[in-house]
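# Overview (structure and organization)
Listed below are the residues making up each chain.
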Amino acid sequence: MSGISVQGLAKRFGSRTAVEGLSFDVRPGEVFGLLGPNGAGKTTTVRMLTGLLQPSEGEAHVWGHSVRTQGEALRRTVGLLTEQPGLYERLSARDNLRFFMKLHELDERQAWPRAQAWLERFGLGGRENEPCGSFSKGMRQKLAIVRTLVHEPQVIFLDEPTSGLDPESARTVRDAVAELAAEGRTLVLCSHNLAEVERLCTRVAVVKGRLLALAPLQELRRAGSSLEVSVEGEASRFVPALATLPFAPSSLAEGGRLRVMLADESQAPDVVACLVGAGARVRGAVPAQRPLEEVYLELIREGRAEGRGAP
Ligand SMILES: Nc1ncnc2c1ncn2[C@@H]1O[C@H](COP(=O)(O)OP(=O)(O)OP(=O)(O)O)[C@@H](O)[C@H]1O
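Keep in mind that this is a model prediction, so the values were computed, not measured.

### Let's talk about the environment of G184
Here G184 lies in the loop between α6 (167-182) and β8 (186-190). Given 13 C-beta atoms within 10 Å, G184 falls into the partly exposed group. Separated by 54 residues in sequence, G184 and E130 place their C-alpha atoms 34 Å apart. When sequence neighbours within four positions are dropped, the list of residues in contact with G184 reads P28 and G29.

Next comes the structure, spelled out in structure tokens:
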């Protein structure tokens with residue numbers, strides 16, 4: 001199967017369990033977010049999926065290759081951008097890339113024009129012969145991204161890809177991510193930058209040693225959504241009426257606006273009918289999605305509370 005398929009993956013380091021019971025699929029053409037706090041097991045998971053670490057339990061296939069038994073084919077198929085760029089400081093940008101091309105047994109005459117095009121795109125054109133040690137942090141990061149893409153991997157793992165980049169370069173990287181997905185590649189993005197995750201990812205997994213949530217981004221943000229109602233006059237007058245609804249939603253009034261918390265969107269018409277019944281002149285009612293950050297923090301808090309209760 002193309003894409004990624006993970007079944008019951010676990011990794012233990014001695015007595016410490018870094019991840020356990022991880023199962024999820026990522027389709028070709030998808031940008032998948034792997035989120036979680038520091039030490040949640042994201043890097044460990046990515047290292048298992050790129051053949052750098054053997055799982056303690058479970059199995060995963062990346063573009064059809066078993067992470068347990070097909071390490072070599074796997075490494076040819078995946079591109080990995082780690083948190084540290086890991087470049088040879090004394091080598092030039094060109095020689096860093098050439099070294100990597102050799103590792104991947106690429107024909108340099110074919111691979112170099114591709115690398116050159118990425119270098120140009122990331123504003124590194126003309127700097128190829130300078131040693132990496134003289135590059136700024138952002139320039140190194142961009143060179144590391146070029147190195148990740150130079151063998152045209154089908155599955156690309158990016159750990160904080162825009163870390164240290166100026167806004168314009170970050171935009172260039174985000175555009176490239178979207179294009180690579182549109183070409184049918186599979187991308188996994190590990191990031192603490194939730195605004196970036198919101199912009200790029202279609203689905204996310206939230207992990208903390210185990211899977212806390214796995215859902216399309218829109219669905220996660222819709223769960224526990226709210227309804228923003230604007231009325232004529234003071235909205236606080238209508239708060240008591242909401243308590244008469246069978247689901248008695250909590251609400252927050254400010255001036256002519258009322259934010260009503262809903263368990264799901266199907267409750268919205270009842271809320272509006274209730275307000276109108278109480279004499280409100282409703283100007284508008286708009287379902288409001290929660291920011292990913294709010295959903296994420298709640299999941300992590302719940303995960304922590306459950307962890308405390310576990311034997
Ligand atoms: N080689 C190792 N030996 C022992 N423990 C390890 C090793 N690698 C990771 N761990 C442990 O596994 C857990 C998960 O670490 P991991 O690096 O996967 O987290 P992460 O989610 O990538 O964190 P961050 O967001 O900080 O990068 C941590 O408790 C870490 O100490």
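More follows now that the structure is in view.
### With respect to helix α3 (residues 93-103)
When α3 is considered as a whole, its buried residues turn out to be A93, N96, L97 and M101. All buried residues of α3 lie within an arc of 135° about the axis, which places them on one face of the element. Away from its buried face, by an angle of more than 90 degrees, α3 presents the exposed residues K102 and L103. Against the buried residues of α3 lie α4 (108-121) and α5 (137-149).

### Notes on the site of the ligand
In the vicinity of the ligand, the contacting residues are F13, R16, A18, G36, N38, G39, A40, G41, K42, T43 and T44. If you list the elements that add at least two residues to the shell around the ligand, you get β2 (16-26) and α1 (42-49). Considering each element in turn, the shell around the ligand owes the most residues, three residues, to α1. Within the shell around the ligand, the residues separate by chemical class into three nonpolar, six polar and two charged.

### A few points about the pairing of strand β11 (residues 226-231)
Examined bridge by bridge, β11 and strand β13 (residues 257-261) share five bridges and lie antiparallel to one another. Bridge pairing in β13 links S226 to M261. Bridging between β11 and strand β14 (residues 282-288) involves six bridges; their strand directions are antiparallel. When the bridges of β14 are listed, V231 appears paired with V282.

### Things to note about the domain arrangement of the protein
Considered domain by domain, the protein is made up of domain 1 (4-220) and domain 2 (224-289). Of note, the centres of domain 1 and domain 2, computed from C-alpha atoms alone, are 44 Å apart.

### A closer look at unusual backbone geometry
Glycine aside, residues mostly have negative phi angles, and peptide bonds mostly take the trans form. Positive phi, normally seen in glycine, also occurs at E152, with a value near 50°. Checked against the element boundaries, E152 lands in the loop between α5 and β7 (155-159). The phi torsion at A248 lies on the positive side, around 30°, for a residue other than glycine. A residue is classified by how many C-beta atoms lie within 10 Å of it, and A248, with 9 of them, is exposed.

### Thoughts on the environment of V188
Inspection of the secondary structure puts V188 in strand β8. On a C-alpha basis, the gap between V188 and L297 in space is 21 Å, while along the polypeptide they are 109 residues apart. Residues in contact with V188, not counting those within four places in the same chain, are V26, F32, L34, V46 and F157.

### So, the sheet that holds β2
Strands sit in the order β2-β1-β4-β5 across an open sheet of four strands; the sheet is antiparallel. The two strands at the open ends of the sheet, each matched to only one other strand, are β2 and β5 (65-66). Pairing analysis gives five bridges linking strand β1 (residues 4-13) to strand β4 (residues 57-62), with the strands arranged antiparallel. In the sheet register, I4 faces β4, and the bridge partner there is V62.

### A closer look at the sheet that holds β8
Pairing within the open sheet is mixed, and its six strands lie in the order β6-β7-β8-β3-β9-β10. Bordering the open sheet on either side are β6 (78-81) and β10 (210-216), each of which pairs with just one other strand. The mean angle between the axes of side-by-side strands here comes to 15°, regardless of whether they run parallel or antiparallel. As defined by bridge partners, strand β9 (residues 203-208) adjoins β10 across six bridges and the pair is classed as antiparallel. Across the sheet, the residue bridging to V206 is A213, located in β10. The sheet strands contacting α5 are β6 and β7, and the helix crosses β6 at an angle near 170°. Sitting on the sheet, α6 is in contact with β3 (31-35), β7 and β8, with an inclination near 145° to β8.

### Notes on the pairing of β3
Along a regular strand, successive side chains alternate from one face of the sheet to the other. Counting buried residues along β3, five of its five residues qualify, which places the element largely inside the surrounding structure. Pairing geometry for β3 and β8, over four bridges, is parallel. Its bridge partner lying in β8, V31 is registered against L187. In the sheet, β3 pairs with β9 via four bridges, with the strands oriented parallel. Along β9, the bridge assignment pairs G33 with V204.

### Here's the deal with the nonpolar core
Counting residues in each nonpolar core, the largest one holds 65 residues, and the members touching the most others are V62, V146, F157, L187, V188 and L189. It is α5 that contributes the most residues to this core, five residues altogether. Discounting chain neighbours no more than four positions away, the residues touching F157 are V46, L49, T50, V78, L80, L81 and V188. Formed by 12 residues, the second largest nonpolar core is a distinct cluster that contains V229, A235, L275 and A280.

Cut-offs and rules
- Residues numbered from 1 in each chain as written.
- Predicted model: local features only at pLDDT ≥ 70, side-chain atom pairs only at ≥ 80, totals over all residues.
- Helix = DSSP H or I, 4+ residues; strand = E, 2+ residues; numbered from the N terminus.
- Buried ≥ 20, exposed ≤ 12 C-beta atoms within 10 Å, placed from the backbone.
- Contact = placed C-beta atoms within 7 Å.
- Arc of directions from axis to C-beta.
- Near = placed C-beta within 6 Å.
- Nonpolar A, V, L, I, M, F, W, Y, C, P; charged D, E, K, R; others polar.
- Pairing = 2+ DSSP bridges.
- Domains from an automatic or database assignment.
- Axes fitted to C-alpha atoms, helices over the stretch in contact; angles between N-to-C directions.
- Core = buried A, V, L, I, M, F, W, Y, C linked by C-beta atoms within 7 Å.

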